[in-house]
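Residues per chain are reported as follows:
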Amino acid sequence: MEFISNKSNLPIKHILHLLQMPQTTYNKKKKDKDLLSGRDSELVLVLTEVLEFGLEVFNSEKEKFQRWLQKTNISLGGAAPISLFDSLTGIQEVRNSLNRLEYGNLA
């Protein structure tokens, strides 16, 4: 979670909200070194991959990428990319938008 927080410039509380995981559950899992559920693990993995890809697209310019994540985006129906991180479908839409950006299309 700390990795995602660092790359996206989101507080861990916000990431937990996206995953629909209570802070107490996260704290207990972290303390006990317990594993996430399958759904949560998959979301974290896919989100981590899209954040890494986004940093590549933005040439490792973390601040620019973080601003892009927060800004409404025409190719995402006027939504901010970060608002779509609560589902695999939303994360895939953000990846598609990053692909378009990488290849010079409007994103």
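The structure this text deals with has already been given above.
Residues numbered from 1 in each chain as written. Predicted model: local features only at pLDDT ≥ 70, side-chain atom pairs only at ≥ 80, totals over all residues. Heavy atoms only, no water.

Engineer: Any chance you could explain the environment of Ser41 here in plain terms?
Structural biologist: Its place among the elements puts Ser41 in helix 4 (residues 38–57). As for Ser41 and Phe85, which are separated by 44 residues in sequence, their C-alpha atoms are 14 Å apart. (Helix = DSSP H or I, 4+ residues; strand = E, 2+ residues; numbered from the N terminus.)

Engineer: Can you help me understand the packing of helix 4 against helix 6 (residues 88–102) in this one?
Structural biologist: Helix-helix packing is described using two parameters, namely the angle between the two axes and the distance between the axes. Where helix 4 meets helix 6, the axes come as close as 10 Å, and the angle between the chain directions of the two elements is 15 degrees. The angle between the axes of helix 4 and helix 6 places the two elements in the roughly parallel class. The way helix 4 lies across helix 6 gives a crossing that is left-handed. Contacts between helix 4 and helix 6 involve Glu42, Leu43, Val46, Leu47, Glu49, Val50, Phe53, Gly54 and Val57 from the former and Leu88, Ile91, Val94, Arg95, Leu98, Asn99, Leu101 and Glu102 from the latter. Classifying every residue of the contact of helix 4 with helix 6 gives 11 nonpolar, 2 polar and 4 charged. (Axes fitted to C-alpha atoms, helices over the stretch in contact; angles between N-to-C directions. Parallel < 35°, antiparallel > 145°, perpendicular 65-115°, else oblique. Left-handed = near helix turned anticlockwise from the far one by under 90°. Contact = heavy atoms within 4.5 Å. Nonpolar A, V, L, I, M, F, W, Y, C, P; charged D, E, K, R; others polar.)

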